[in-house]
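# Understanding the architecture of this molecule
The residues making up each chain are set out below.
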Amino acid sequence: NSVTLSPSGANSYTLYTSSNFSTSAPNGSLMPCFVNTANGAIGTSATATLVGQVGFCYDTAFASLQIVPNPTVAVPAAGFSICPGGSQQLTVSGASTYTWSGGTGLNTLAGATVISTPLMTEVYTVLGSAGGCHSSAKTLTVTVMPLPTLAISPTTTNICLGGSVALIAASNAN
């Protein structure tokens, strides 16, 4: 999260910032500014004081900035498994809006809840946004499991009324 200040109206500039906000070029014509995240303390606001000079005359401008944390998107801990032709609802939380990308088979690319109906195993990526800030990318996997191959064989093809027959079943399933 950064912002670049581009001051104008003077010949030289000096930018002073609060402890939770800094710049790598406090005397330049472009001043990239960053939120300091040292020790995990961000704070909710920052202040900037810009001093501009023309000859021996100085002027000062002040700005207050609100520091908004990036949203953290929560996704289910485990992936999902479905049968061919099946679908799976995917729900995330932690932001205001969501954008999905990745594989095919989603009913929409926006929203906290989407429906996946993939033809094969797919990995989806979701990004969350809130207050103009964006989350890191999170992924969810929907695995399409193979259908089992089944066979059933009677020990005989004829059965007498009231009799019984043994059926032998076989499958490739684990």
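Note that this is a predicted model, so its numbers are computed, not measured.

Each helix and strand counted, the protein chain has zero helices and 15 strands in total. Here the protein chain has a C-alpha radius of gyration of 31 Å; the compact-globule value for 174 residues is 16 Å, and the former is much larger. Counting across all 174 residues of the protein chain, residues that qualify as buried make up 21%. Partitioning the contacts of the protein chain with sequence separation of at least 6, the portion at a separation of at least 24 is 45%.

With that settled, consider the sheet that holds strand β3 (residues 21-23). For sheets, the rule is that strands pair by backbone hydrogen bonds, running either parallel or antiparallel. On the basis of which strands lie adjacent, the open sheet formed by three strands has the order β1-β4-β3 and antiparallel pairing. The sheet is open, and its two edges are formed by β1 (2-5) and β3, each paired on a single side. Taking the axes of each pair of neighbouring strands and ignoring which way they run, one obtains an average angle of 30 degrees across the sheet. Judged from the four bridges that link them, β1 and strand β4 (residues 31-35) form a sheet pairing that is antiparallel. Paired with Leu5 across the strands is Met31, a residue of β4.

Looking at the secondary structure, you find Asn27 in the loop between β3 and β4. The exposure class of Asn27 is exposed, given its relative accessible area of 52%. Through-space distance from the C-alpha of Asn27 to that of Thr14 is 4.7 Å; in sequence the pair is 13 residues apart. Within the structure, the side chain of Asn27 is placed 3.2 Å from the backbone oxygen of Tyr13, a separation counted as a polar contact. Among the polar contacts made by the side chain of Asn27, one reaches the side chain of Thr14 at a distance of 3.1 Å.

It is worth spelling out the environment of Gly111 at this point. In this structure, Gly111 sits in the loop between β9 (97-102) and β10 (113-116). With residues near it in sequence (within four places) discarded, Gly111 still touches Tyr98 and Trp100.

This part takes up the nonpolar core. If you look at the biggest cluster of nonpolar residues, it comprises 14 residues, and the most contacted ones within it are Leu90, Val92, Trp100 and Val126. Mapped by element, the contributors of at least two residues to this core are β7 (80-82), β9, β11 (122-130) and β13 (138-144). With three residues, the single largest contributor to this core is β13. What Trp100 contacts, discounting residues up to four positions off in sequence, is Leu90, Val92, Leu106, Leu109, Ala110, Gly111, Ala112, Val114, Tyr124, Thr125, Val126 and Leu140. With eight residues, the next largest nonpolar core counts Phe21, Ala46, Ala48 and Ile67 among its residues.

Pairing within the open sheet is antiparallel, and its three strands lie in the order β2-β5-β6. Single-partner strands in this sheet number two, and they are β2 (12-17) and β6 (57-66). Pairwise comparison of adjacent strand axes, ignoring direction, gives a mean angle of 20 degrees for this sheet.

Let us look at the environment of Asn70. On the secondary structure map, Asn70 appears in the loop between β6 and β7. Judged by relative accessible area, which is 36%, Asn70 ranks as partly exposed. Residues Asn70 and His134, spaced 64 residues apart in sequence, show a C-alpha to C-alpha distance of 5.6 Å.

What follows is about the confidence of the model for the protein chain. Per-residue confidence for the protein chain gives a mean pLDDT of 87, with 95% of residues at or over 70. When pLDDT is averaged over each helix and strand of the protein chain, the minimum, 76, is found for β1 and the maximum, 97, for β10.

The rules behind each value
Residues numbered from 1 in each chain as written. Predicted model: local features only at pLDDT ≥ 70, side-chain atom pairs only at ≥ 80, totals over all residues. Heavy atoms only, no water. Helix = DSSP H or I, 4+ residues; strand = E, 2+ residues; numbered from the N terminus. Rg over C-alpha atoms; globule rule 2.2 N^0.38 Å. Buried < 20%, exposed > 50% of the residue type's maximum accessible area, 1.4 Å probe, protein only. Contact = heavy atoms within 4.5 Å. Pairing = 2+ DSSP bridges. Axes fitted to C-alpha atoms, helices over the stretch in contact; angles between N-to-C directions. Polar contact = N/O pair within 3.5 Å; in protein donor to acceptor, adjacent residues only side chain to side chain. Core = buried A, V, L, I, M, F, W, Y, C linked by side-chain atoms within 4.5 Å. pLDDT = per-residue confidence, 0-100.

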